[in-house]
Amino acid sequence: MAFRAGLILGAAQNILFQAEIGPPMTQDIFGQETSLSSAGTRKSWDAAQLGVLAHSASTAEHLGAVLAAAPGFVLGQAIKGLSLLMLGRSELLPMAREALKDAKANYDSALPREQRYVDALEAWLHGRPSRSIQIMERVLTDFPTDTLAMKLSHGIRFIMGDPKGMRESIERVMPAYAPEHAGRGYLLGCYSFALEETGSYEKAEVTGRQALWMAPDDAWGLHSVAHVHEMTGNAKQGLDWLEGREEAWDHCNNFRYHVWWHKALMHLDLGQADKALVLYDTEVRKDKTDDYRDISNATSLLMRLELNGHAVGNRWEELSELCANRTEDGSLIFADLHYLLALAGRDRKAEARRLVTRIHEDAKTRNNEAQERMASPGCHAANGLEAFGDGDYTLAFAHLTRARKDMQLAGGSHAQRDVFERMTIDAGLRAGEFDAAEAILDDRRAKRAGGEDNYALARRELIAAGRSGTDSQSMPAE
Ligand SMILES: [Fe+2]
């Protein structure tokens, strides 16, 4: 009886909600026609879109308000589903499928632009995020100033490890943006990051600064400038850039922990491990979640500290505990490799072995693009990390060097993947492979426009010491 009453109430609500969806006579904040006819709901939708662009913690609240008022708004349902997929957690797939179902129920009443977002969600749920990118690019062909589509293409390309595509996508739409367009600052923030990831550091810094001037809450643009300093070996300038600009990322969801992570990396490079650890405890790991982005910040920072010879106490334990429960996930090789950092070589050898085995199983299955990444770079990278944990540096170096040529496909940024690069170099050093380790250092320097950080300078000293017969097994404590 209660179920029937619920159905009747639901039907009545649907009639009320449908009144929120009207003919396409209005535009959203980015000048795109929308099927939302209620001014109040449009306001929430504008806030939700700006929230996505600024990585704001309030985004879910605004999107929730939109979908509560207009559950038949298919673009909102699609964004809900796509946002769930971006979290890289297999247990969220049913919710994403539910969002697709809700979007499909009203698909025919949506505008063609809105329908394509649903198509993008469906493609990703079929395991083809590259197809989702193509669909977003079709939106941008017809609606180049749809800033939300730009951000989605940018975001999925980031996950898929396609910086060249990120840059080309933005350069294609940029001429269409008027100076006063509400999304232009965020567009520049994304462009700055794409420039940085493709090695155009000077232009990236100028563009990022301009982005933040136009959109003071553009945490992505702010963080892009931090990347420039990281990549060019300018930790001090990076700290100067971040210092006093906390307001630009205070409003963020867990992306704010990532910005703090960048700051901790800069302290580490300056030999200020104590400051890095304080930031780890107070900011980077403030919320002890098992979100893969939070885990990647934490595990890669602890690993970098240890590679430099710093003790990190019992901080691995809570990470290992959480990562032991993620061995079957398989959403993203980027996430898996960071889970493995918390398992390999610790009291979690069985879980580490299980995770490596599962990566190999997925690589054989290759049912989707995530599993293709498990095959390459996943298998060799996972074997290498496991061997590193076991202290078999010869084997670790052999696997990690084979994974290295494809590591871009693991997704994320150069700065994030640098933890694997450092482990490769350090494995080489510990295995006595000085020439090969030096060649990787040279290649790493070339990719950084010649900028060399203190990590690399310390390794070059170790190589020199190793060649002259000094003990090469000890890593420097800075
Ligand atoms: Fe970053």
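Residues numbered from 1 in each chain as written. Predicted model: local features only at pLDDT ≥ 70, side-chain atom pairs only at ≥ 80, totals over all residues. Heavy atoms only, no water.

### Considering the overall build of the protein chain
Per the secondary structure count, the protein chain includes 25 helices and 2 strands. At 23 Å, the protein chain has a C-alpha radius of gyration in line with the 23 Å of a compact globule built from 478 residues. The dimensions of the protein chain, computed from C-alpha atoms along their principal axes, are 80 × 50 × 35 Å. Taking all 478 residues of the protein chain together, 58% fall into the buried category. Counting contacts in the protein chain only where the partners sit at least 6 residues apart, residues at least 24 apart contribute 63% of the total. Of the accessible surface of the protein chain, which amounts to about 18800 Å², a share of 53% is contributed by carbon and sulfur atoms. Where the 55 positive side-chain charges of the protein chain centre and where its 69 negative ones centre are 3 Å apart. (Helix = DSSP H or I, 4+ residues; strand = E, 2+ residues; numbered from the N terminus. Rg over C-alpha atoms; globule rule 2.2 N^0.38 Å. Buried < 20%, exposed > 50% of the residue type's maximum accessible area, 1.4 Å probe, protein only. Contact = heavy atoms within 4.5 Å. Areas by Shrake-Rupley, 256 points an atom, 1.4 Å probe, with all protein chains shown as cover. Lys, Arg positive; Asp, Glu negative; His and termini not counted. Charge placed at Lys NZ, Arg CZ, Asp CG, Glu CD.)

### Some words on the packing of helix 15 (residues 255–269) against helix 16 (residues 273–284)
Viewed as axis vectors pointing N to C, helix 15 and helix 16 meet at an angle of 170°, and their least axial separation amounts to 8 Å. Classified by the angle their axes make, helix 15 and helix 16 are roughly antiparallel. Across from Tyr257, Trp260, Trp261, Lys263, Ala264, His267 and Leu268 in helix 15, the residues of helix 16 making contact are Lys275, Ala276, Leu279, Glu283 and Val284. Considered class by class, the residues forming the contact of helix 15 with helix 16 number 8 nonpolar, 1 polar and 3 charged. (Axes fitted to C-alpha atoms, helices over the stretch in contact; angles between N-to-C directions. Parallel < 35°, antiparallel > 145°, perpendicular 65-115°, else oblique. Nonpolar A, V, L, I, M, F, W, Y, C, P; charged D, E, K, R; others polar.)

### Focus on the coordination of the iron ion
Think of it this way: four donors in a tetrahedron around the metal ideally sit 109.5 degrees apart, and six in an octahedron ideally sit 90 or 180 degrees apart. Only His223 (NE2), His227 (NE2), His258 (NE2) and His262 (NE2) from the protein coordinate the iron ion, and they sit 2.1 to 2.2 Å from it. Here the iron ion binds 4 donor atoms, and the angle range of 87 to 174° at the metal identifies the geometry as irregular. (Donors = N, O, S within 2.8 Å, 3.2 Å for Na, K, Ca; no water. Tetrahedral: all angles 85-135°; square planar, octahedral: opposite > 155°, others 65-115°.)

### So, the environment of Phe397
Residue placement: Phe397 occurs in helix 22 (residues 393–404). Once the C-alpha coordinates of Phe397 and Arg430 are considered, the two residues, 33 residues apart in sequence, prove to be 9.2 Å apart. When neighbours within four sequence positions are excluded, Phe397 is seen to be in contact with Thr424, Ala427, Gly428, Glu433, Ala436, Ala437 and Ile440.

### Description of the domain arrangement of the protein chain
Here the protein chain is described as being made up of domain 1 (45–192 + 272–467) and domain 2 (193–271). Domain 1 and domain 2 are separated by 17 Å when their C-alpha centres are compared. Between domain 1 and domain 2, roughly 4400 Å² of surface is buried when both sides are summed, and carbon and sulfur atoms account for 58% of that area. On the domain 1 side of the interface with domain 2, the three residues burying the most area are His55, Ser192 and Gln272, jointly 16% of the side's total. Counting the contacts that link domain 1 with domain 2 gives 0 salt bridges. Inspection of the region where domain 1 meets domain 2 yields 35 residue pairs in polar contact (both at pLDDT 80 or more). (Domains from an automatic or database assignment. Buried area = accessible area lost by both parts, 1.4 Å probe. Salt bridge = Lys/Arg side-chain N within 4 Å of Asp/Glu carboxyl O. Polar contact = N/O pair within 3.5 Å; in protein donor to acceptor, adjacent residues only side chain to side chain.)

### Considerations on the packing of helix 10 (residues 184–197) against helix 11 (residues 201–214)
Helix-helix packing: each pair is described by the crossing angle between the helix axes and the interaxial distance. The contact between helix 10 and helix 11 brings their axes to 8 Å, and the two run at 160°. One element, helix 10, and the other, helix 11, form an angle in the roughly antiparallel class. Here helix 10 runs over helix 11; the crossing is left-handed. Judged by residue contacts, Arg184, Gly185, Leu188, Gly189, Tyr191, Ser192, Leu195 and Glu196 of helix 10 engage Tyr201, Lys203, Ala204, Thr207, Gly208, Gln210, Ala211 and Met214 from helix 11. Among the residues forming the contact of helix 10 with helix 11, the class breakdown is 7 nonpolar, 6 polar and 3 charged. (Left-handed = near helix turned anticlockwise from the far one by under 90°.)

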